[in-house]
Amino acid sequence: MEITRLVARRSTCLRRHVGAVMVKDKNILATGYNGAPSGVAHCLDVGCLRERMAVQSGERHELCRGLHAEQNAIIQAAKHGTNINGATLYCTTMPCAICSKMLINAGILRIVYEEGYPDPLSEEMIAEAGIETVRFAGTDTEARGER
């Protein structure tokens, strides 16, 4: 999780810094953080559309310049031809419903997250898909399982 937090520091989002790391067989496959696509102005530069529109966290994901950390990790793996089927996602935040759908179809088997996210549909779909979820328990190395 420490690496995930380090990746999150690269975020260009004004509201939340999220980092994601894909791991398989004790190898880091891909990383991602939330921010605008390559070559597009970041919210740090042009301001936050969601703030201007008073959009609540967990709602209207399409009203944002940025990609989520999980999306960027999946894209990074695809761009470099890295197979993430069967991998574990470590993420500073529980994935939203959009990211959850992508993770399910990418074959992610386990999600370890630190902070919850207000998206009941995400939790429902992840559970239905049989993906193990583990909430990281803090600064120690112990994690407790949650579904």
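Since we're looking at a predicted model, the values are computed, not measured.

Draft legend 1. Focus on the packing of helix α5 (residues 97–106) against helix α6 (residues 120–128). Where α5 contacts α6, the axes come no closer than 8 Å and their chain directions differ by 15°. The orientation of α5 with respect to α6, classified from their angle, is roughly parallel. For the pair α5 and α6, the crossing hand works out as right-handed. Side by side, α5 and α6 meet where Ala 97, Ser 100, Lys 101 and Ile 104 of the first sit next to Leu 121, Ser 122, Met 125 and Ile 126 of the second.

Draft legend 2. Seen up close, the nonpolar core. Core analysis: the largest hydrophobic core is formed by 23 residues, its most contacted members being Ala 20, Met 22, Ile 84, Leu 89, Leu 103, Ile 108 and Ile 111. Elements that contribute at least two residues to this core include exactly β1 (19–24), α4 (69–79), β3 (88–93), α5 and β4 (110–115). Aside from chain neighbours lying at most four places away, what touches Leu 89 is Ala 20, Val 21, Met 22, Glu 70, Pro 95, Leu 103, Ile 108, Arg 110, Ile 111 and Val 112.

Draft legend 3. Representation of the packing of α4 against α5. At a minimum axis separation of 9 Å, α4 and α5 run at an interaxial angle of 30°. Here α5 runs roughly parallel to α4, going by the angle between their axes. Once α4 is placed against α5, the crossing between them reads as left-handed. Between α4 and α5, the contacting residues are Glu 70, Gln 71 and Ile 74 on the first element and Ile 98, Cys 99, Met 102 and Leu 103 on the second.

Draft legend 4. Looking closely at the confidence of the model for the protein chain. Per-residue confidence for the protein chain averages 91 on the pLDDT scale, and 94% of its residues sit at or above 70. Across residues 140–147, where pLDDT falls below 50, the model places 20 contacts with residues more than four positions away in sequence or in other chains.

Draft legend 5. Up close: α4. Listed as buried for α4 are Ala 69, Glu 70, Gln 71, Asn 72, Ala 73, Ile 74 and Ala 77. Buried positions along α4 lie against β1, β2 (27–33), β3 and α5.

Draft legend 6. Focus on unusual backbone geometry. Phi is positive for Asp 25, which is not a glycine, with a value near 50°. The topology assignment puts Asp 25 in the loop between β1 and β2. Classification of Asp 25 by relative accessible area gives exposed; the value is 64%. Positive phi, normally seen in glycine, also occurs at Arg 60, with a value near 50°. Looking at where Arg 60 falls in the secondary structure, it is placed in the loop between α3 (49–52) and α4. Judged by relative accessible area, Arg 60 falls into the partly exposed class, the value being 47%.

The rules behind these values
Residues numbered from 1 in each chain as written. Predicted model: local features only at pLDDT ≥ 70, side-chain atom pairs only at ≥ 80, totals over all residues. Heavy atoms only, no water. Axes fitted to C-alpha atoms, helices over the stretch in contact; angles between N-to-C directions. Helix = DSSP H or I, 4+ residues; strand = E, 2+ residues; numbered from the N terminus. Parallel < 35°, antiparallel > 145°, perpendicular 65-115°, else oblique. Left-handed = near helix turned anticlockwise from the far one by under 90°. Contact = heavy atoms within 4.5 Å. Core = buried A, V, L, I, M, F, W, Y, C linked by side-chain atoms within 4.5 Å. Buried < 20%, exposed > 50% of the residue type's maximum accessible area, 1.4 Å probe, protein only. pLDDT = per-residue confidence, 0-100.

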